[in-house]
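Structural overview for review
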Amino acid sequence: MELKQQAVAGTAESSDIMVTIDPVGGDAVEISLDSSVEKAFGDRIREVIAETLKNLGVTGVKVTAVDKGALDCTVQARTIAAVYRAAGTAGEFDWKEIDAWNA
């Protein structure tokens with residue numbers, strides 16, 4: 001998926017995560033995380049973000065995430081929303097493909 005612009009999804013409220021996607025080109029994926037539960041769940045949050053980006057076929061991005069204790073499903077949903085917004089295709093989700101990840 002080709003990203004065209006910076007995009008944000010989520011909030012900095014309790015039990016949520018704000019994910020900002022910046023297309024930077026190339027093949028690298030950089031994830032910067034600021035989390036209130038960093039010590040306990042930081043690695044898992046990064047893993048969910050990276051896995052979601054991989055499933056969407058996204059590379060060449062910098063992800064900045066501000067987490068306030070979000071569950072994995074919320075991290076995944078916010079990442080998906082930010083990617084689709086960055087691609088300019090918000091509202092055109094491939095639900096069958098996304099659902100297949102959870103099989």
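Residues numbered from 1 in each chain as written. Predicted model: local features only at pLDDT ≥ 70, side-chain atom pairs only at ≥ 80, totals over all residues. Heavy atoms only, no water.

**As for the packing of helix H1 (residues 38–56) against helix H2 (residues 72–86)**
Helices that pack against each other are described as a pair by the angle of their axes relative to one another and the distance between those axes. Selection criterion: Note on geometry: axes are C-alpha line fits, over the in-contact stretch for helices, and angles between N-to-C directions span 0 to 180 degrees. Think of it this way: any DSSP run of H or I at least four residues long counts as a helix, any run of E at least two long counts as a strand, and we number them from the N terminus. Here roughly perpendicular refers to angles of 65 to 115 degrees, roughly parallel to angles under 35, roughly antiparallel to angles over 145, and oblique to all remaining angles. By the definition used in this description, the sense in which the near helix is turned from the far one sets the handedness, with an anticlockwise turn below a right angle giving left-handed and a clockwise turn giving right-handed. In this description, contact between two residues means that some pair of their heavy atoms is separated by no more than 4.5 Å. The residue classification treats Ala, Val, Leu, Ile, Met, Phe, Trp, Tyr, Cys and Pro as nonpolar and Asp, Glu, Lys and Arg as charged. All others, Gly included, are polar.
Between H1 and H2, the shortest axis-to-axis distance is 9 Å and the interhelical angle comes to 40 degrees. In terms of axis orientation, H1 runs oblique to H2. Considering only the axes of H1 and H2, their crossing is right-handed. Within the contact between the two elements, H1 uses Arg44, Ile45, Val48, Ile49, Thr52, Leu53 and Leu56 and H2 uses Asp72, Val75, Gln76, Thr79, Ile80, Val83 and Tyr84. Per-class residue counts for the contact of H1 with H2 are nine nonpolar, three polar and two charged.

**Observations regarding the pairing of strand S3 (residues 29–35)**
How we decide: DSSP calls a pair of strands paired once it identifies at least 2 bridges connecting them. A clockwise path from the first strand over the helix to the second, with the strands pointing away from the viewer, defines a right-handed crossover.
Summarising the sheet, S3 and strand S4 (residues 61–67) pair through seven bridges and their orientation is parallel. When the sheet's bridge partners are listed, Ser32 is paired in S4 with Thr64. In this fold, the crossover linking S3 to S4 by way of H1 has left-handed handedness.

**With respect to the sheet that holds strand S2 (residues 17–23)**
Spatially, S1-S2-S4-S3 is the arrangement adopted by the four strands of the open sheet, whose pairing is mixed. Two strands bound the open sheet, and with one partner strand each, they are strand S1 (7–9) and S3. Geometrically, the sheet is characterised by an average inter-axis angle of 15 degrees between neighbouring strands, direction not taken into account. Taken together, the three bridges between S1 and S2 define a ladder with antiparallel strand orientation. When the bridges of S2 are listed, Val8 appears paired with Thr20. Across the sheet, H1 lies against S2, S3 and S4, angled at about 145 degrees from S3, the strand it touches most.

**Considerations on the pattern of salt bridges**
Put simply, the rule reads: One side-chain nitrogen of Lys or Arg within 4 Å of one carboxyl oxygen of Asp or Glu is enough to make a salt bridge. For the exposure calls, accessible area comes from a 1.4 Å probe over protein chains only, and a residue counts as buried if that area is under 20% of its type's maximum, exposed if over 50%, partly exposed in between.
Inspection of the entire model under this criterion finds five salt bridges. Measuring nitrogen to oxygen at the nearest pair gives 2.7 Å for the salt bridge that ties Glu47 to Arg44. With Glu47 and Arg44 both in helix H1, this residue pair falls three residues apart, about one helical turn. A salt bridge links Asp72 to Arg44; the shortest N-O distance between them is 2.9 Å. Taken together, the residues Asp72 in helix H2 and Arg44 in helix H1 connect sequence positions 28 residues apart. The class for Asp72 is partly exposed, based on a relative accessible area of 33%.

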